[in-house]
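Residue strings, one per chain:
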Amino acid sequence: MSLLGIILLLLIASQFYWAWRGVRLAWARIESPALRRLACTAIPVILAAMTFYDVAGFARRPDPVHLTARDIFLTAPLAWWLASSLAGFLAAIPFELLRGIRGAVRRARGKAEPASPARRDFLAQTANVVTAGPFLGGVYGLLYGRLNLETVEQPIRLTNLPAAFHGFRIAQLSDIHIGPFMTQEQIRKFAAIANSLKADLIALTGDYVTFDAGTQYPVVEALSGLRAPFGVYGCLGNHATWAGVEDSISGLFGAARFRMLRGSNAAITVGSDWFNLIGVDFQSRHRFGSSPAVPRLLGNIETLIARDRVNILLSHNPDTFDRAAALGIDLSLAGHTHGGQAALEFISPEIAPTRLVTPYVAGLFQKAGRRLYVNRGIGTIGVPIRIGAPPEITVYRLERG
């Protein structure tokens, strides 16, 4: 079963769980038999309707580029419920298992040892606190975390960097995902911030739209104000394929004097010195949605690598890094992961859902003297929530190593 199928099954199970808890609460607190029956019928029906709206709405979301009243009062609260109820259900599983095991042990002993009320109450209160955490965290991620932009200054030492490029600065933006929760206006604000960083070159690493091909026009317009002395370069992500806009959005960026590198390269030159900037469309060894698997990662750029120069790769998928390092590419800039979008890496580096599919979730990685940086992006996907993975604009300062 695919990861998406597992998530969907867990989502359905979580709604059954919360319906069961709601019915238990209504049965215990409502004295009127008629109201009790009404509540116990309404709770499962309401949760089923909310889940259907969330899942079906995500699949056919029109992705407008402005935040509407419907988005504020309906779409956002239901998305918050969908994500928080799933996380709360996962947090509740250990407590429910413990409760079941204790009950089974007591029954096996013929209830010779009655349950301690104090212990039972402590366990119930602890479970309530733990399962409430995702709901409170979801509010934070929806109202604040998704827009709490972090500008990361990242020095990168490169052994073969020409002296003329010591101190050269590259600003990276990734995973824009224009939509009701990443509007044109917000993208313009982030673009203005990127311009204020005074980078020498700006790199865009994919996923400008989500599913709606019509949003390619406003996202390119919103980004068109980006300026850097050495230009704006970019690559495409998987959502360009899914929306069917690979050629058209590349043309729109070209009209804005941005250059999309699609299995191609550009020499970034200062006097007689230069480094080699390469870009690729989304590549994966495995079929990813409507993106086909490639037989050999980065096979289309092997002849573009300049063996006597610094090579920098723009690749939306960080999983190309192993192959890039083997090919001798000095620095890979990627996105795609959103840093996990909901991550608890401040507790443990392993607590990020994205680690189920890639070891390269966010930040700087090194292998065989080569480097990869995974930018967390500025947009969201699925639910407009960020926890422990704030949106990011990265500025790299190239240094002679």
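Presented here is an overview of the structure given in this document. Note that the structure is a prediction, hence the values are computed from the model and not measured.

## Details of the overall build of the protein chain
When you go through the protein chain residue by residue, the secondary structure sums to nine helices and 12 strands. Seen along its three principal axes, the alpha-carbon backbone of the protein chain occupies a region of about 85 × 45 × 40 Å. Scored against the burial criterion, the 401 residues of the protein chain give a buried share of 48%. Residue pairs in contact within the protein chain that sit at least 24 positions apart in sequence constitute 73% of those at least 6 positions apart. Per element, the accessible surface of the protein chain, about 19200 Å² overall, is 62% carbon and sulfur.

## Some points on the sheet that holds strand β6 (residues 264-270)
Read from one edge of the open sheet, six strands run β6-β7-β8-β9-β11-β10, paired in mixed fashion. The strands lining the two open edges of the sheet, one partner per strand, are β6 and β10 (363-367). Strand after strand, the sheet turns through a mean of 20° between neighbouring axes, direction not considered. Where β10 lies against strand β11 (residues 370-374), five bridges are found, and the strand directions are antiparallel. Its bridge partner being in β11, Gly363 is matched across the sheet by Val374.

## Examining the sheet that holds strand β3 (residues 201-205)
Across the sheet, six strands lie side by side as β1-β12-β2-β3-β4-β5; this open sheet has mixed pairing. Edge positions in the sheet fall to β1 (150-158) and β5 (259-260), since each of these pairs with one other strand and no more. Pairing of strand β2 (residues 169-173) with β3, which is carried by four bridges, proceeds in the parallel orientation. Looking across to β3, one finds that Gln172 is bridged to Ala203. Together, β1, β2, β3 and β12 (392-400) form the strand contacts of helix α5 (residues 184-196), whose direction differs from that of β12 by roughly 20°.

## Points about the packing of helix α6 (residues 216-223) against helix α8 (residues 246-255)
Where α6 contacts α8, the two axes come as close as 10 Å, and the packing angle between them is 30°. Between α6 and α8, the angle is such that the two are roughly parallel. Seen from above, α6 lies across α8 with right-handed handedness. Between α6 and α8, the residues in contact are Gln216, Tyr217, Val219, Val220 and Leu223 and Ser248, Ile249, Leu252 and Phe253, respectively. Along the lines of polarity and charge, the residues of the contact of α6 with α8 split into seven nonpolar, two polar and no charged.

## Some thoughts on a nonpolar patch on the surface
A grouping of Ile6, Leu10, Leu90, Ile93, Leu97, Ile101 and Val105 is seen on the molecular surface, where their side chains present a nonpolar patch of about 550 Å² in accessible area. Of all the secondary-structure elements, those providing two or more residues to the nonpolar patch are α1 (3-29) and α3 (69-108). Here the nonpolar patch gets five residues from one element, more than from any other, and that element is α3. Assignment of secondary structure puts Val105 in helix α3. Given the relative accessible area of 36%, Val105 is considered partly exposed.

So, how was this worked out
Residues numbered from 1 in each chain as written. Predicted model: local features only at pLDDT ≥ 70, side-chain atom pairs only at ≥ 80, totals over all residues. Heavy atoms only, no water. Helix = DSSP H or I, 4+ residues; strand = E, 2+ residues; numbered from the N terminus. Buried < 20%, exposed > 50% of the residue type's maximum accessible area, 1.4 Å probe, protein only. Contact = heavy atoms within 4.5 Å. Areas by Shrake-Rupley, 256 points an atom, 1.4 Å probe, with all protein chains shown as cover. Pairing = 2+ DSSP bridges. Axes fitted to C-alpha atoms, helices over the stretch in contact; angles between N-to-C directions. Parallel < 35°, antiparallel > 145°, perpendicular 65-115°, else oblique. Left-handed = near helix turned anticlockwise from the far one by under 90°. Nonpolar A, V, L, I, M, F, W, Y, C, P; charged D, E, K, R; others polar. Patch = residues over 30% accessible without salt bridge, like charges linked within 9 Å, V, L, I, M, F, W, Y side chains within 5 Å. Salt bridge = Lys/Arg side-chain N within 4 Å of Asp/Glu carboxyl O.

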